[in-house]
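# Structure at a glance
Chain by chain, the residues run as shown.
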Amino acid sequence: MRKEIKWILFYIIYVIVMLITDKMAPSGPCTPGPGFFLFLLLIPISVILFLKDLYKYYREPEKSRLYYILIHPIVWVIFLSFYG
């Protein structure tokens, strides 16, 4: 399986788990639930993964990681367009 598919599956599974935990214990106006905390945790996770892929892109001689780098911003654009 290609690495791009693994990143896309990671984001899909993470969002599904985030939505399920939000349905199990919904967030209120003053009490954030576990889905909200998983969303907040997704921000540093995706930034770290993006920086790791960017670092590997510039370290490898064949420059084959361009699609890995583009997945992270594309997922955030799609995610924010649905929930924004």
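Attention here is on the structure that accompanies the text. Sequence positions are assigned chain by chain, starting from 1 and proceeding in written order. Local features are withheld for residues below a pLDDT of 70 in this predicted model, meaning they are given only at 70 or higher, and side-chain atom pairs are given and counted only at 80 or more; totals for whole chains, interfaces and linings count all residues. Heavy atoms throughout the structure, all of them, feed into the side-chain values; hydrogens and water do not.

## A few points about the overall build of the protein chain
Counting secondary structure elements, the protein chain contains three helices and zero strands. Numbering of helices and strands runs from the N terminus, with a helix taken as a DSSP run of H or I at least four residues long and a strand as a DSSP run of E at least two residues long. Going from N to C terminus, the protein chain has its helices and strands arranged as α-α-α. Just to be clear, the radius of gyration here is over C-alpha atoms, and the globule rule we use is 2.2 Å times residues to the power 0.38. Against the 2.2 N^0.38 benchmark of 12 Å for 84 residues, the protein chain shows a C-alpha radius of gyration of 15 Å, more extended than a compact globule. Summarising its shape, the C-alpha atoms of the protein chain cover approximately 50 × 25 × 20 Å along the three principal directions. Here the term buried applies to any residue with accessible area under 20% of the maximum for its type, exposed to any over 50%, and partly exposed to those in between, with areas from a 1.4 Å probe on protein chains only. Every one of the 84 residues in the protein chain was classed for burial, and the buried ones make up 25%. What makes two residues a contact is simply this: any of their non-hydrogen atoms within 4.5 Å. If you take every contact in the protein chain between residues at least 6 apart in sequence, the share linking residues at least 24 apart comes to 54%. Areas reported here follow the Shrake-Rupley algorithm with a probe of radius 1.4 Å; residue values treat only the protein chains shown as occluding. When the accessible surface of the protein chain is summed, it comes to about 6100 Å², and 76% of that surface belongs to carbon and sulfur atoms. On the protein chain, the mean spot of the 9 positive side-chain charges and the mean spot of the 5 negative ones are 3 Å from each other. Counted as positive: Lys and Arg. Counted as negative: Asp and Glu. His and the chain ends are not counted at all. One atom stands in for each charge, and that atom is NZ of Lys, CZ of Arg, CG of Asp or CD of Glu.

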